[in-house]
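# A look at the structure
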Amino acid sequence: DGEELDRRIAAARATLGERLVILGHHYQRDEIIKYADYRGDSFKLAQLAAGRKAADYIVFCGVHFMAESADVLSAPHQKVILPNPAAGCSMADMANIAEVEECWDTLTELLGEDAGIIPVTYMNSAANLKAFCGRNGGVVCTSSNAPKVIDWAFKQGKRVLFFPDEHLGRNTGLRYGIREDQMTVWNPKDPMSSENAEEEIERARIILWKGYCTTHMRFNVQQIEKARAEYPDIKILVHPECRREVVDAADLFGSTEYIIQQIEHAPAGTKWGVATEINLVHRLAKEHPEQFIFCLDPIVCPCSTMYRIHPAYLAWVLEALVDGEVINQVSVDEETVHWARVALERMLALAA
Ligand code: CIZ
């Protein structure tokens, strides 16, 4: 039961002391977040992990690509552990290296020598896709810095290939001033199927990978209209992985860190309709009883893979560490680490 798990986790933490750091992503449930030494989005947590050199073990309560990023940025002696190896990300899985290379070859063949394509991958992607960007003059972005990264990419080249999230790419491109008719969607399962595919690619300034977040796809404009009819002074705050029309109908949009900042700095009595994962929205509502905060999806939308991190898995991996056994380690090979770092460091240089 919960108390028993609390006791086991506390005992293992006490034994491991400074050698252990537990990271909790904002989308984790409260039963996990309460054990986290640090909370954050994927990027902030990966950086925190890298900064905590005393920690030999980084237990990442999040999903697989996040643990990989922590491994890429961490020191060689640090081991990154994902409590449940089945905690993946369906969006990250919508692009794999073979498909991205096929797309890249097709685009470069079609557009020729001066295609000027800059690959940009969202943080929510496998490490080998980050490495692909590093090797090919590209970069990583997060949902917080996507506008800055797009601006950088257009200073390096003429076109952007954005993967794996179509919606973050489109929402960011539109704000940057790229028109919808200057974007085209690349479906890796059926590329070049449309009759005008070649013309569309030749005209495109952004080629958007056909990938999406199942949780953020649950939000729609009707939910926003209903919330506005019920509470005329409501503020609608959505994540940029939502569809274009949802972002257009919102008052504000941004990453999890942005959403948290907006709410933390709002005056008492502010009403929010939020479109992102339910555990984060419920936590914000609990932590800010002086405001009225609810999730726009009435059915409730947890991220099913984030949910795969259960306290029992956490207890299991921690007790194994106490016994000197590392289980469920996420380890990225050296070559991939090198090039993924190149892409991540390009992004970091933009923030500096
Ligand atoms: O990058 C992350 O942590 C995710 C999944 C979303 C966000 O907006 O922070």
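Please read these numbers as outputs of a predicted model, since none were measured by experiment. (Residues numbered from 1 in each chain as written. Predicted model: local features only at pLDDT ≥ 70, side-chain atom pairs only at ≥ 80, totals over all residues.)

## Details of the overall build of the protein
Within the protein, the secondary structure is distributed over 15 helices and 13 strands. Principal-axis analysis of the C-alpha atoms places the extent of the protein at approximately 65 × 55 × 35 Å. Here the protein holds 352 residues, and the buried ones make up 46% of them. Taking contacts inside the protein between residues at least 6 apart in sequence as the whole, the part at least 24 apart equals 68%. (Helix = DSSP H or I, 4+ residues; strand = E, 2+ residues; numbered from the N terminus. Buried ≥ 20, exposed ≤ 12 C-beta atoms within 10 Å, placed from the backbone. Contact = placed C-beta atoms within 7 Å.)

## Notes on the domain arrangement of the protein
Structurally, the protein comprises domain 1 (2-88 + 306-331), domain 2 (92-214) and domain 3 (216-295). Its C-alpha centre places domain 2 at a distance of 28 Å from the equivalent point of domain 3. With 13 residues of domain 2 at the contact, the number on the domain 3 side is 13 residues. Grouping the amino acids of the side of domain 2 that touches domain 3 by side-chain chemistry returns 4 nonpolar, 7 polar and 2 charged. (Domains from an automatic or database assignment. Nonpolar A, V, L, I, M, F, W, Y, C, P; charged D, E, K, R; others polar.)

## Comments concerning the sheet that holds strand β9 (residues 206-209)
Across a sheet, paired strands are connected by hydrogen bonds in the backbone, their directions being either parallel or antiparallel. With parallel pairing, 5 strands are arranged side by side in an open sheet as β6-β5-β7-β9-β8. The open sheet has two edge strands with one neighbour each: β6 (139-141) and β8 (183-186). The average angle at which neighbouring strand axes cross in this sheet is 25 degrees, direction not considered. Here 3 bridges tie strand β5 (residues 117-122) to β6, and the two strands are oriented parallel to one another. Bridged to tyrosine 122 within β6 is cysteine 141. Sheet strands in contact with helix α7 (residues 146-156) are β5, β6 and β7 (159-163), and its direction is about 155 degrees off that of β6. (Pairing = 2+ DSSP bridges. Axes fitted to C-alpha atoms, helices over the stretch in contact; angles between N-to-C directions.)

## Examining the nonpolar core
It is characteristic of soluble globular proteins that their nonpolar side chains tend to be buried jointly. Counting residues in hydrophobic clusters, the biggest one holds 107 residues, and the most contacted among them are Ile58, Phe60, Ala70 and Val238. Other than its neighbours up to four places away in sequence, isoleucine 58 contacts Val21, Leu23, Ala49, Ala70, Ser74, Gln78, Val80 and Ile81. (Core = buried A, V, L, I, M, F, W, Y, C linked by C-beta atoms within 7 Å.)

## Brief notes about the UniProt feature "binding site: [4Fe-4S] cluster" (unreviewed entry) in the protein
In the numbering adopted here, UniProt assigns the feature "binding site: [4Fe-4S] cluster" (unreviewed entry) to Cys89, Cys213 and Cys303. The greatest C-alpha distance among the residues just named is 9.1 Å, despite their covering 215 residues of sequence, which places them together in space. Mapped onto the secondary structure, cysteine 89 falls in the loop between β4 (79-81) and α5 (97-111). Leave out the neighbours within four places in its chain, and cysteine 89 touches Val63, His64, Phe65, Asn124 and Thr305. Relative to the helices and strands, cysteine 303 resides in the loop between β13 (292-295) and α14 (311-322). Residue cysteine 303 is classed as buried on the basis of its 25 C-beta neighbours within 10 Å. (UniProt positions renumbered as here; feature names shortened; annotations may be inferred.)

## Focus on the site of the ligand
Surveying the vicinity of the ligand reveals the residues His25, Asp41, Ser42, Met123, Asn124, Thr142, Ser143, His239, Ser255, Thr256 and Glu257. Residue composition of the shell around the ligand, grouped by class: 1 nonpolar, 8 polar and 2 charged. (Near = placed C-beta within 6 Å.)

## Some details on the environment of glutamine 261
Looking at the element boundaries, glutamine 261 is found in helix α12 (residues 256-264). Residue classification places glutamine 261 among the partly exposed positions, given that 13 C-beta atoms sit within 10 Å.

## What about the UniProt feature "binding site: iminosuccinate" (unreviewed entry) in the protein?
Under the local residue numbering, the UniProt record ascribes the feature "binding site: iminosuccinate" (unreviewed entry) to His25, Ser42, Tyr122, Met123, Asn124, Ser143, His239, Pro240, Glu241 and Thr256. Mapped onto the secondary structure, tyrosine 122 falls in strand β5. Sequence-distant contacts of tyrosine 122, defined by excluding residues within four places in its chain, comprise Cys141, Pro164, Asp165 and Leu168. Locating asparagine 124 in the fold gives a position in the loop between β5 and α6 (127-135).

## Side note on unusual backbone geometry
Omega for the peptide link from phenylalanine 163 to proline 164 comes to -5 degrees, which places this bond in the cis form. As for its position among the elements, proline 164 is in the loop between β7 and α8 (166-176). Residue methionine 192 is not a glycine yet carries a positive backbone phi of 60 degrees. Within the secondary structure, methionine 192 sits in the loop between β8 and α9 (197-203). C-beta crowding within 10 Å serves as the criterion here: with 14 such atoms nearby, methionine 192 is assigned to the partly exposed category. Unlike most non-glycine residues, asparagine 328 shows phi in positive territory, near 60 degrees. If you trace the backbone, asparagine 328 turns up in the loop between α14 and α15 (334-351).

## Comments concerning the pairing of β5
Along β5, 6 of the 6 residues are buried, which leaves the element largely enclosed by surrounding structure. Across the two faces of β5 the burial is the same, with Ile117, Pro119 and Thr121 and Ile118, Val120 and Tyr122 all buried. Direction of pairing for β5 relative to β7: parallel, over a ladder of 5 bridges. Pairing of isoleucine 118 across the sheet is with valine 160, part of β7. Tracing the backbone out of β5, into α6 and back to the parallel element β6 gives a crossover that is right-handed. (Right-handed = clockwise from strand over helix to strand, strands pointing away.)

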